[in-house]
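Listed here are the chains, written in short residue letters.
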Amino acid sequence: MIPLSLDGAAHLLVLTGAGISAESGVPTFRDAGGLWEGHAVEQVASPDGFAIDPSLVWRFYSQRRAGLTGVTPNLAHHALVEAEARLGERFLLVTQNVDGLHPLAGSRRMLEMHGNIMRTRCSACDRAPFEDRTAYGDGVVPLCDRCSAPLRPDIVWFGEMIARATLAAIDAFVRAAGSHLVFLAVGTSGVVYPAAGLVDVARAAGGRSFLVNAEPPANAARFDHIVIGPAGRALPALLGA
Ligand code: BV8
Ligand code: ZN
């Protein structure tokens, strides 16, 4: 196991995907072949999918919300909280996950680049997104009480832009780190962009790149070091937690 030798100048940028939550019992996307009830996830998690059949999309998210009841963070989430406590400003976590397990574990220097499944927003007006753990009944499409348009999960769907502020924060961290950057990806199949391109951003900055994954992902060749194994075991060892 290559320990992540984090010297006094190292800046650690971590990217997590669905694999880090697998040991908490949260199903991943592509281990299920990327299908849900016979629909490609890219179809259901998209603005077009929502326009065509908002009740199908709400069923997808309501079932996932219900599935998260009682789910707790695992050793991998906690190892990242400890790394953040040790590194402070020299730590940034970017997650693709919308399951809320990183903030639940105590991560604070964290960006949820694809949003959070327990938040809802209006599909039309600019009312503020709000906390919403409701698993809506089949066929129910909640409507905005300000403009009566359908409400939607506060999630970045396929074909939608990542928040500019999120991309700017990642860029600022990478620039401040320079060649002291250490990039660590955990539990992601490396197929969804722009997240899957972060390893290239790290390399271009002169940083070292590490990957912890249950199996080699699509962008494996772009990492300097790869640890194949469950995050719950590999991450605490790698981070010396
Ligand atoms: C954008 C919210 C500009 C939904 C998500 C053609 C080529 C390349 C790119 C594109 C293309 N066509 C379109 C694009 C862009 C598109 C994209 O990348 N598509 C892919 C599918 C090809 N990206 C976008 O649209 C993004 N926006 O680019 O805007 C633009 C606009 C228009 C057109 C072009 C560009 C927005 C992407 C955000 C989509 N929203 N989430 C929801 O969650 O409901 S992404 C979705 O996939 C989830 O967030 C998920 O996190 C993410 C990635 O999946 P992973 O996290 O990697 O999970 P996965 O199951 O795939 O893998 C799990 C891994 O863990 C596996 O490798 C497994 O082995 C491992 N594992 C399992 N158990 C463990 C483990 N590892 C360790 N320990 C374990 N125990
Ligand atoms: Zn509205």
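In this report, we go over the structure that sits alongside the text. (Residues numbered from 1 in each chain as written. Chains lettered and ligands numbered in written order. Predicted model: local features only at pLDDT ≥ 70, side-chain atom pairs only at ≥ 80, totals over all residues. Heavy atoms only, no water.)

### A short note on the side chain of Ser209
Then step 1. Turning to its location among the elements, Ser209 is positioned in strand 10 (residues 208–213).
Then step 2. From its side chain, Ser209 meets the backbone nitrogen of Asp224 in a polar contact 2.9 Å long.
Then step 3. Ignoring any residue separated from it by four or fewer positions in sequence, one finds Ser209 in contact with Phe183, Val199, Arg203, Arg222, Phe223, Asp224 and His225. (Helix = DSSP H or I, 4+ residues; strand = E, 2+ residues; numbered from the N terminus. Polar contact = N/O pair within 3.5 Å; in protein donor to acceptor, adjacent residues only side chain to side chain. Contact = heavy atoms within 4.5 Å.)

### Some thoughts on the site of ligand 1
Then step 1. Close to ligand 1 lie 36 residues, the nearest being Arg30, Arg64, Gly159, Glu160 and Ser189.
Then step 2. One of the backbone nitrogen or oxygen atoms of Val156 is found 2.8 Å away from a nitrogen atom of ligand 1.
Then step 3. When residues of the shell around ligand 1 are assigned to domains, at least three fall in each of domain 1 (11–26 + 72–114 + 161–239) and domain 2 (41–67 + 118–155). (Near = heavy atom within 4 Å. Domains from an automatic or database assignment.)

### Some thoughts on the sheet that holds strand 10
Then step 1. What the 6 strands build is an open sheet, ordered 5-4-1-9-10-11; its pairing is parallel. Pairing within the sheet leaves two strands with one partner each, and these edge strands are strand 5 (110–112) and strand 11 (225–228). Here the average twist between neighbouring strands, direction ignored, is 15°.
Then step 2. Where helix 4 (residues 75–87) meets the sheet, it contacts strand 1 (11–16) and strand 4 (91–95), and its direction lies at approximately 150° from that of strand 4.
Then step 3. Helix-sheet contacts for helix 6 (residues 164–177) involve strand 1, strand 4, strand 5 and strand 9 (181–186), and the interaxial angle to strand 1 is about 145°. (Pairing = 2+ DSSP bridges. Axes fitted to C-alpha atoms, helices over the stretch in contact; angles between N-to-C directions.)

Keep in mind these numbers describe shape, not what the thing actually does.
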